[in-house]
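Each chain, letter by letter, is given below.
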Amino acid sequence: MWVTDLKGEFYNLLNRQSPTRILVLVHYDLDGICASKILQVLCRSDHILYTVVPVQTASELVEAFQQHAEQMKYVLLVNCGGCLDLVEVLQPPPEMVFFVADNHRPLHVCNIYSSSQVRVLTQLEDEEEVPAFDDVFRVDESDEDDSDDGGGGSSDEEEGGRSKRRRLNEEMLEKRHQRRLWEQQRHKLLFDYTQFSYYGKSTALLMFELAWKLSKDTNELLWLAIVGVTEMMLHEKSEQAKYLLTSATLQTHVSRLNPKTAGEKTRLPSERLQITFESDLSLVLYRHWTLLDSMRHSVHLAMALRLWTRKGENRLHELLVDMGLPLVQCRQLFFGMDAEYRKNLHKMLKEKEEKYDLEQLFYMTFTATMGFRSKMCSADYVHSAASLMERLDPEEPPATGFLIASDALDLSKPDVLTRGIDFRKLQLRAIYQQVHAFLAMNQVICAGPFLYATVLQGTPDAKFFAAPHSLNLLATYTLRAHVTVSRSRKCHALPLILTSPDVRFPDRDYCLVCGIPPFSETSKRNLLGKAFEQAAEKTGARADLDFFDTNVIGLCVEDRSKFFDALISLLS
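### Side note on the overall build of the protein
Scanning the protein from N- to C-terminus turns up 21 helices and 16 strands. Across the 572 residues that make up the protein, the buried fraction comes to 51%. When the accessible surface of the protein is summed, it comes to about 27,300 Å², and 51% of that surface belongs to carbon and sulfur atoms. Taken together, the 65 basic and 79 acidic charged side chains of the protein have centroids lying 8 Å from each other.

### Things to note about helix α18 (residues 414–440)
With 27 residues, α18 ought to run about 39 Å at 1.5 Å a step, and its terminal C-alpha atoms sit 39 Å apart, in line with that. Note on α18: the residue one or two positions beyond its end, asparagine 442, has a positive phi of about 50°.

### Description of the packing of aromatic side chains
This model, assessed by the stated rule, comprises 16 aromatic pairs. Look at phenylalanine 563 and phenylalanine 564: their rings are 5.7 Å apart centre to centre, the planes differ by 85°, and that puts the pair in the edge-to-face class. Put simply, the rings of Phe450, Tyr452, Phe532, Phe563 and Phe564 pair up and form one aromatic cluster. The positively charged end of lysine 350 is found above the aromatic ring belonging to phenylalanine 362, 5.0 Å away from the centroid.

### Re unusual backbone geometry
Here arginine 105 and proline 106 are connected by a cis peptide whose omega angle stands at 5°. By the element assignment, proline 106 lies in the loop between β5 (104–105) and α5 (109–112). Non-glycine residue glutamine 91 carries a positive phi angle of around 50°. Mapping glutamine 91 onto the fold places it in the loop between α4 (86–90) and β4 (97–101).

### Let's talk about empty space enclosed by the protein
Evaluation of the coordinates by the stated rule reveals one cavity of 30 Å³ or more. As a volume, the largest cavity reaches approximately 30 Å³. Taken together, His235, Ala386, Glu390, Arg424, His469, Ser470 and Leu473 make up the full set of residues lining the largest cavity. At three residues, the largest contribution of residues to the lining of the largest cavity is made by helix α19 (residues 468–485). The class makeup of the residues in the lining of the largest cavity is two nonpolar, three polar and two charged.

### Comments concerning the sheet that holds strand β9 (residues 362–369)
Read across the sheet, three strands follow the order β8-β9-β10 without closing on themselves; strand pairing throughout is antiparallel. Lying at the two open borders of the sheet, with one neighbouring strand each, are β8 (274–281) and β10 (376–377). In this sheet, β9 lies alongside β8 in antiparallel orientation, the contact comprising eight bridges. Bridging across to β9, phenylalanine 277 finds its partner in phenylalanine 366.

### What about the pattern of salt bridges?
Summed over the entire model, instances satisfying the criterion amount to 24 salt bridges. Three or more residues joined by partner-sharing salt bridges are found here, namely Asp293, Arg296, Glu313 and Arg429.

### Here we look at the packing of helix α8 (residues 203–213) against helix α9 (residues 219–234)
Look at α8 against α9: their axes get within 8 Å of each other, and the N-to-C directions meet at 160°. Here α9 runs roughly antiparallel to α8, going by the angle between their axes. Remark: the crossing between α8 and α9 carries left-handed chirality. Here Ala204, Leu205, Phe208 and Ala211 of α8 come into contact with α9, specifically with Leu221, Leu222, Leu224, Ala225, Gly228 and Val229.

### Let's talk about the packing of helix α1 (residues 6–16) against α8
Axis separation between α1 and α8 bottoms out at 11 Å; the angle between their running directions is 90°. When the axis of α1 is compared with that of α8, the two are roughly perpendicular. Listed contacts from α8 to Leu6, Lys7, Phe10 and Tyr11 of α1 are Leu206, Leu210 and Lys213. Residues of the contact of α1 with α8, tallied by class, amount to five nonpolar, no polar and two charged.

### Some words on the side chain of aspartate 85
With respect to the helices and strands, the residue aspartate 85 is situated in the loop between β3 (74–78) and α4. This buried residue, aspartate 85, is left without a salt bridge; arginine 186 holds the nearest opposite charge, at 8.3 Å. Ignoring sequence-local partners within four residues, the contact set of aspartate 85 consists of His108, Cys110 and Asn111.

### Regarding the nonpolar core
Grouped together as the largest cluster of nonpolar side chains are 133 residues, with contacts concentrated most on Phe10, Leu76, Leu121 and Trp223. In terms of residues, this core owes the most to one element, α18, which gives eleven residues. Among residues more than four places away in sequence, those in contact with leucine 121 are Val3, Leu6, Phe10, Leu76, Phe99, Val100, Ala101, Leu206 and Met207.

Calculation notes
- Residues numbered from 1 in each chain as written.
- Predicted model: local features only at pLDDT ≥ 70, side-chain atom pairs only at ≥ 80, totals over all residues.
- Heavy atoms only, no water.
- Helix = DSSP H or I, 4+ residues; strand = E, 2+ residues; numbered from the N terminus.
- Buried < 20%, exposed > 50% of the residue type's maximum accessible area, 1.4 Å probe, protein only.
- Areas by Shrake-Rupley, 256 points an atom, 1.4 Å probe, with all protein chains shown as cover.
- Lys, Arg positive; Asp, Glu negative; His and termini not counted.
- Charge placed at Lys NZ, Arg CZ, Asp CG, Glu CD.
- Expected span 1.5 Å × (residues − 1).
- Phe/Tyr/Trp six-rings, centres within 6.5 Å; stacked < 30°, edge-to-face > 60°.
- Lys NZ or Arg CZ within 6 Å of the ring centre and 35° of its normal.
- 1 Å grid on protein atoms, 1.4 Å probe; cavity = no way out; pocket = protein on both sides within 12 Å on 5 of 7 lines; lining within 4 Å.
- Points joined across faces, edges and corners; volume = space filled by probe spheres on them.
- Nonpolar A, V, L, I, M, F, W, Y, C, P; charged D, E, K, R; others polar.
- Pairing = 2+ DSSP bridges.
- Salt bridge = Lys/Arg side-chain N within 4 Å of Asp/Glu carboxyl O.
- Axes fitted to C-alpha atoms, helices over the stretch in contact; angles between N-to-C directions.
- Parallel < 35°, antiparallel > 145°, perpendicular 65-115°, else oblique.
- Left-handed = near helix turned anticlockwise from the far one by under 90°.
- Contact = heavy atoms within 4.5 Å.
- Core = buried A, V, L, I, M, F, W, Y, C linked by side-chain atoms within 4.5 Å.

This is the structure:
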C-alpha cells in the first residue's frame, strides 16, 4: 500500500512505538547511504532505536533479515527489496510491517497492493504504469459439483438431472476458459510491466523532505540529499531532464537555508557549511588533479576530442595551446597552477566550446564551502565515496566499504574524502587504459543485436571492475568510446554487454556480466536485466541473478558461450 503522508503514517508511527527498535536494511549505493544517514540523524533526535545493516544482494537481504529481525516490529528497506515479493521471500510474522523506500523500478505488484504489511514510501512518477489490481489478482469461487445424484426416480427426473449436469459442465468449462484468458492477459501485463528496469526518485531526497516536514532540516542533511541526487545523475540512473527538475527543487531549499546578506563577500569565511548552486565544469575531479589528467579522464571531453586515438591526444594539446595554457601548468595539481589561469579557466573553455564541439562541458551543480577549506563539488563526494564503497580488500569484511563510504560523506572527516579521491584516480586511470586496450585490439565486437566486450582473465586492473557500479562505469566509457571511433552507424542503436573476471571469489570460475542501453537511447530504461534472466532460465546456465541492479549478474565462465547464444536468439 502507498504511504502518502510520510510524517504521519511513517515517522510518527515509529516515534510512538519508541523504545521499539527498527531494522534498517540499506543497499550498497550512495543514494541509499545518504538516505540512511539522514534517517539516523532524525532517529537520534527523537531517541528512536535502530539497527543499520548494509546488503548488496537478495541473498544478503534474506540472511540479514533472519539474523536481526527477531523481536522487531518494523523493518525499513532503503533502495533494496522493493522489486521482491517481501512477504513471500522473507516469510515474516503477520504483525511485522515493512516500509519500502526503494528507487529501483519496477516495484513488485504484491508490495504495491499489500493490504497493510508492506507500505511503500516512494511515490510513482507519471510515466510509471502499474497494472490495475483486478488485472493481476483474482479470487474465483470454488467450482462445486451441484449435481444431484439421487438413487432413483422417474425418467423425467433423470432427464432433468442430466440436463442440469450438462448445464453445470458447460458453465464450468466457460469459467475455465475465462480463467485461461485472464491468466494469459495477466502474464502479458506483468511481462510488459517488468520488462524494463530503471530508477525512480532519489531516496535521499525523499528522506530530506521528511526532515523538512519535521522542521529538522539543516544544511548538512541538505548536502546529503544533494550528493544522493548527484550520484543518480553521474551514474546515469536518471535522465538529464529529471536532474534539472530535481535540482530546481533542491535550489529552493539551498536559497532558504543559505540566505545571502549584504556585504557577504567582504566577510571572513564562515565555519558553518555554505551551499551554492552554480555552473561548473564537468571535468572529473579537476580541483584535486592535474588539468591534463582530468580532461583526459572526463568521458564527455574524451568523446568530443576522441582522446582514445593519437589524433585525439594531439587535438587535446591543440586545445590547451589555443587557450593559452602552458603544458607545464596543466601537468601540476590544479591548485598549484597560477591563480590567473585558475581564475580564467571557465571563461577560456567557454570561448573554445563551439570551436571544438565541447558539448556538456558545463552543467549546473552544487558546491560546498566551510571555513578556509577548498570548495568542494557534490560530484567530488560522489566519486570519492563510490570508489571507497566498492574497494576490494580480502582482509576486511564487505561491510567495511559501506562504513568507509559513509565516513567520506561526513564533512568533519576530510581525510577520508581525500583517500577516496586518490583511489578514484587510480580507478579512472585503469578504466582509461582498459578502454584504450579494447579499441586498440578491436575487442568491442558486434554480436548481432548487441555489442560485446570482455576484460581478459589475469588483467591486473580487473580488481577495479569487480563491483556493479564500477563495472557500469567501465561499460559506459567503453560504449561511448566505441561509438566515437566506429564507422558503423548501427552501433549507436546497440546495447553493450561487458564481462569481467569476478575477482571477489577467486576460488570459483565466475565472471560479472553487465548490460547497458544503447548510446542513442535517451531513456534510462534497461531491458537487459530481463533478458539475462530469460537466457539463464532457457539454457540452465549457472548464474547469480542476485544483485538489486538487475543489469549485473554473476555467470559461470563455462556457461558463457551458451548464455550469449541464448541472448542473441532472444534479442534478435
